[in-house]
Amino acid sequence: MLFRSNRNGDTAQAEPARNQWVYFTIALSGLGAIGAEVDWTRLLSLMIGGTVYTFSIILAVFLVGLGMGSSIGAWIGRNVNARLALSVCQWLLIPAIGWAAFQLTKSLPYWPIEPTLSHNPWNQFQLDIVRCMWVILPASLLWGASFPLALAAVVPMTGDTGQLVGRVYAANTVGAILGALVFSLGMIGWLGTYRSQQTLMVIAAIAASAVALPEIIRRSGKSVGPESATHTNRRGRAIACVAITIAIAATAIFVRLVPKTPGELIAHGRYLPRMAGQTTIIYQGEGMNSSVAVGLASDAVRTFHVSGKVEASSMAHDMRLQRMLGHIPALVHPKPRSVLIVGCGAGVTAGSFVVHPDIERIVICELEPLIPQVVANYFELENYGVVNDKRVEVVYDDARHYILTTREKFDIITSDPIHLWVKGAATLYTREYFELCKQRLNPGGVISQWVPLYESNMAAVKSELATFFEVFPHGSVWGNDLGGTGYDTVLLGQQDPLLVDVDALLTRLNREDHAKVAKSVQEIGLTTIGELLGTYAASASDLKEWLKDAQINRDRNLRLQYIAGMGSSNYLEAAIYYELLRYR
């Protein structure tokens, strides 16, 4: 393919200086494109659901837009002034980014779509593709067209073009790398998605001006003639000043029109059409790793949301599960002293250990700093002020990295990550992860693991249980059966077969120093030791036949995130739990 740029009789000596502005513009274009992809992926994953399929769809739509735009840009570059066309593309990006911002916050989240109406994920994927195209295509077409226009602007009709093409590629690639780093590691966590989109508009305006103004000045000078150099310079500067003024005014208008990211979107995500107006958002924040919100319902229930879904709450169902994750391993262990909690959440699970008198050290490993620092304070009553307890250390790290690198061992490890269908969560359910946890347990140590039955399917639950039991063959399942159905479950694992001395357990709970423990258990509806032990659902040996066809989740395949992603809109918890109980 042959590109032209010297249609106006420019000298070869003038070309290198002019090309610098093209390189600068295409670098900013790459920065803006990847920055927008990071920003829009954060927002789209809220309303579509952060499955591995969602990220694939967003990327596919973005690449299709870039490809189509490149074809259009290559055709335009043969027929018009490529530099001015490149500038126009960058100017048009400002309203295109504004379009995406408006659709992502004011329109798309409120489309009357109910994800639970169909259990077939392929039906949902069709809607997801349409919504992604509606938001992403306009801007991605323009970013795609910018690249061949940049090539056309710098590549002459004859001579060695390889070096010039390589420079355009290099500039665009460097810009893209910077965009990925700046927006994912800093911009969104620092300014949020709202300010980031405003920044993207400013970047597009700078990129457009950088290539347009030198061209405007050059062309205005040619129209006057070489004999009037002074007049030429004045006219060029005047036209440039007018152009800059218009550009700044237009950009400022569009920047001011960008709507803020609503807290309801962060809280309810794909269920916003159904949940709009039912919760008062008392806190919202966008961290480097996730967006979080705290809501207050009309019945005074407080809810903690991560990336568009409820992660914890003061509701009876959730309180029971959160404390079961802490109290069951703490009570079956004869004398626990140290605990590692993977995932802070509302802090209720971690707080369950605060009331146990033998506990001397509590380590909370959390990836998103906003959660322990801000969110946990809204649940101080339920979590017993855990983050301010002198025995507690909060470690801001990826759980896999922390467990792999720490030399410390614990009597109890309890893991309560985000839902399995969320991309990345499956790494905390692999065989290798459980092996790491096993190595970090003291002799006689116990591990508890959350396994949700809602927003899941039979294959995903089987995979989770089978993978856990491969490492802990003496493990067991305990059901959060409040209301008669297993909404979610707790897996319990230890090195040796589980032996529960009921008399010794009763004696411990009746001791004066365990009064707070007994009260904490009673608050979740387990008023007697019999009711607590009654949450036992099955053992690993019971479920061997049921799990014989289960797929083991490993680091090298992460099968679970693909299986779970297919069941993210299902509410089959009762059917799954009753099926499990058949094998007890």
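Look up a bit, the structure's there.
Residues numbered from 1 in each chain as written. Predicted model: local features only at pLDDT ≥ 70, side-chain atom pairs only at ≥ 80, totals over all residues. Heavy atoms only, no water.

### Structural notes on the overall build of the protein chain
1) Next: A count of helices and strands for the protein chain gives 20 helices and twelve strands.
2) Next: C-alpha extents for the protein chain along the principal axes are approximately 105 × 50 × 45 Å.
3) Next: For the protein chain, with 584 residues in total, the buried portion stands at 57%.
4) Next: Taking contacts inside the protein chain between residues at least 6 apart in sequence as the whole, the part at least 24 apart equals 77%.
5) Next: Taken as a whole, the protein chain presents about 24,100 Å² of accessible surface, with 60% of it coming from carbon and sulfur.
6) Next: Both charge centroids of the protein chain, one from 48 positive and one from 47 negative side chains, sit 11 Å from each other. (Helix = DSSP H or I, 4+ residues; strand = E, 2+ residues; numbered from the N terminus. Buried < 20%, exposed > 50% of the residue type's maximum accessible area, 1.4 Å probe, protein only. Contact = heavy atoms within 4.5 Å. Areas by Shrake-Rupley, 256 points an atom, 1.4 Å probe, with all protein chains shown as cover. Lys, Arg positive; Asp, Glu negative; His and termini not counted. Charge placed at Lys NZ, Arg CZ, Asp CG, Glu CD.)

### Details of the sheet that holds strand β5 (residues 338–342)
1) Next: Ordered in space as β7-β6-β5-β8-β9-β11-β10-β12, the eight strands form an open sheet in which the pairing is mixed. On the outer flanks of this sheet lie β7 (392–396) and β12 (536–539), each paired with one strand and no other. With strand direction ignored, the average angle separating the axes of adjacent strands in the sheet is 20°.
2) Next: In this structure, β5 lies alongside strand β6 (residues 361–366), joined through five bridges in parallel fashion. Across the sheet, the residue bridging to L340 is V363, located in β6.
3) Next: Packing against the sheet, helix α14 (residues 431–439) makes contact with β5, β8 (410–415) and β9 (441–452), and its axis sits at approximately 145° to β9. (Pairing = 2+ DSSP bridges. Axes fitted to C-alpha atoms, helices over the stretch in contact; angles between N-to-C directions.)

### Observations regarding the pairing of strand β1 (residues 279–286)
1) Next: Note that β1 and strand β2 (residues 291–297) share seven bridges and pair antiparallel. Paired with Q284 across the bridge in β2 is A293.
2) Next: Linking β1 to β2, which pair antiparallel, is a turn of four residues.

### Details of the environment of L92
1) Next: Tracing the sequence through the fold places L92 in helix α3 (residues 82–107).
2) Next: Classification of L92 as partly exposed rests on a relative accessible area of 44%.
3) Next: Sequence-wise, L92 and V202 are 110 residues apart; in three dimensions their C-alpha atoms are separated by 12 Å.

### Regarding the pattern of salt bridges
1) Next: One pass over the structure, following the stated rule, counts 17 salt bridges.
2) Next: The salt bridge partner of R320 is D481, with a shortest N-O separation of 3.3 Å. Taken as a pair, R320 in helix α9 (residues 316–332) and D481 in the loop between β10 (476–480) and β11 (488–494) lie far apart in primary sequence, 161 residues in all.
3) Next: Of the charged contacts in the structure, one is a salt bridge between R361 and E408, with a shortest N-O distance of 2.6 Å. Of this pair, R361 sits in strand β6 while E408 sits in the loop between α13 (399–405) and β8, and the two are 47 residues apart along the sequence.
4) Next: The partly exposed category is assigned to R361, whose relative accessible area is 26%.
5) Next: A residue is classified by how much of its surface remains accessible, and E408, at 23% relative accessible area, is partly exposed. (Salt bridge = Lys/Arg side-chain N within 4 Å of Asp/Glu carboxyl O.)

### Some words on the packing of aromatic side chains
1) Next: Evaluation of the coordinates by the stated rule reveals 18 aromatic pairs.
2) Next: Both rings, one in Y53 and one in F125, keep their centres 5.3 Å apart while their planes meet at 40°; by these two values the pair is tilted. Residue Y53 is located in helix α2 (residues 52–77), and its partner F125 is located in helix α4 (residues 121–154); the two are separated by 72 residues in the primary sequence.
3) Next: Owing to a relative accessible area of 17%, Y53 belongs among the buried residues under this scheme.
4) Next: The exposure class assigned to F125 is buried, which follows from its relative accessible area of 11%.
5) Next: Taking 4.7 Å as the distance between ring centres and 65° as the angle between the ring planes, the aromatic pair formed by F147 and Y169 counts as edge-to-face. Pair noted here: F147 is in helix α4 and Y169 is in helix α5 (residues 162–224), with a separation of 22 residues, a long-range link.
6) Next: You can call F147 buried: its relative accessible area is 16%.
7) Next: Here the aromatic residues Y433, F434, F468, F469 and F472 are joined through ring pairs into a cluster of three or more.
8) Next: Note that K423 overlies the ring of F55, its terminal NZ or CZ placed 5.6 Å from the centroid. (Phe/Tyr/Trp six-rings, centres within 6.5 Å; stacked < 30°, edge-to-face > 60°. Lys NZ or Arg CZ within 6 Å of the ring centre and 35° of its normal.)

### Regarding the nonpolar core
1) Next: Among the nonpolar cores identified, the biggest contains 98 residues, and L340, L465, F469 and L543 are the most heavily contacted of them.
2) Next: With eight residues, α9 is the single largest residue contributor to this core.
3) Next: Other than its neighbours up to four places away in sequence, L465 contacts V451, V477, L491, L543, W546, L547 and L580.
4) Next: If you look at the next biggest cluster of nonpolar residues, it comprises 68 residues, including L46, I58, F147 and A293. (Core = buried A, V, L, I, M, F, W, Y, C linked by side-chain atoms within 4.5 Å.)

### Points about α9
1) Next: With 17 residues, α9 extends 23 Å between its outermost C-alpha atoms, agreeing within 8% with the 24 Å of an ideal straight helix rising 1.5 Å per residue.
2) Next: At M324, α9 shows its largest kink, close to 35°. (Expected span 1.5 Å × (residues − 1). Bend = angle between axes of the 7 residues up to and from the residue.)

### Quick notes on unusual backbone geometry
In terms of backbone geometry, most residues other than glycine have negative phi values and most peptide bonds are trans.
1) Next: Phi is positive for A300, which is not a glycine, with a value near 70°.
2) Next: Mapped onto the secondary structure, A300 falls in the loop between β2 and β3 (302–306).
3) Next: Despite not being glycine, E455 shows a phi value in the positive range, around 50°.
4) Next: Examined against the element boundaries, E455 turns out to sit in the loop between β9 and α15 (458–471).
5) Next: In this structure E455 comes out as buried when scored by relative accessible area, which is 6%.

### Digging into the sheet that holds β2
1) Next: The four strands lie next to each other as β1-β2-β3-β4, forming an open sheet whose pairing is antiparallel. Both outer strands of the open sheet, β1 and β4 (309–313), are each paired with one neighbouring strand and no more. Averaged over neighbouring strand pairs, the angle between their axes works out to 25° when direction is ignored.
2) Next: Sheet topology note: the β3/β4 ladder contains four bridges and is antiparallel. In the sheet register, F304 faces β4, and the bridge partner there is A312.

### What to know about the packing of α2 against α4
1) Next: In the contact formed by α2 and α4, the axes pass within 5 Å of each other and the chain directions differ by 35°. Considering how the two elements wind past one another, α2 and α4 form a crossing that is right-handed.
2) Next: Looking at the contact of α2 with α4 residue by residue, the class counts come to 21 nonpolar, seven polar and one charged. (Left-handed = near helix turned anticlockwise from the far one by under 90°. Nonpolar A, V, L, I, M, F, W, Y, C, P; charged D, E, K, R; others polar.)

### So, the packing of α14 against α15
1) Next: One way to put it is that α14 packs onto α15 with a least axis distance of 9 Å and a crossing angle of 40°. Put simply, α14 runs oblique to α15. Judged by the twist between their axes, the crossing of α14 over α15 is right-handed. Residues R431, F434, E435 and K438 of α14 form the contact with α15, whose participating residues are T467, F468, E470 and V471.
2) Next: Grouping the constituent residues of the contact of α14 with α15 by class yields three nonpolar, one polar and four charged. (Parallel < 35°, antiparallel > 145°, perpendicular 65-115°, else oblique.)

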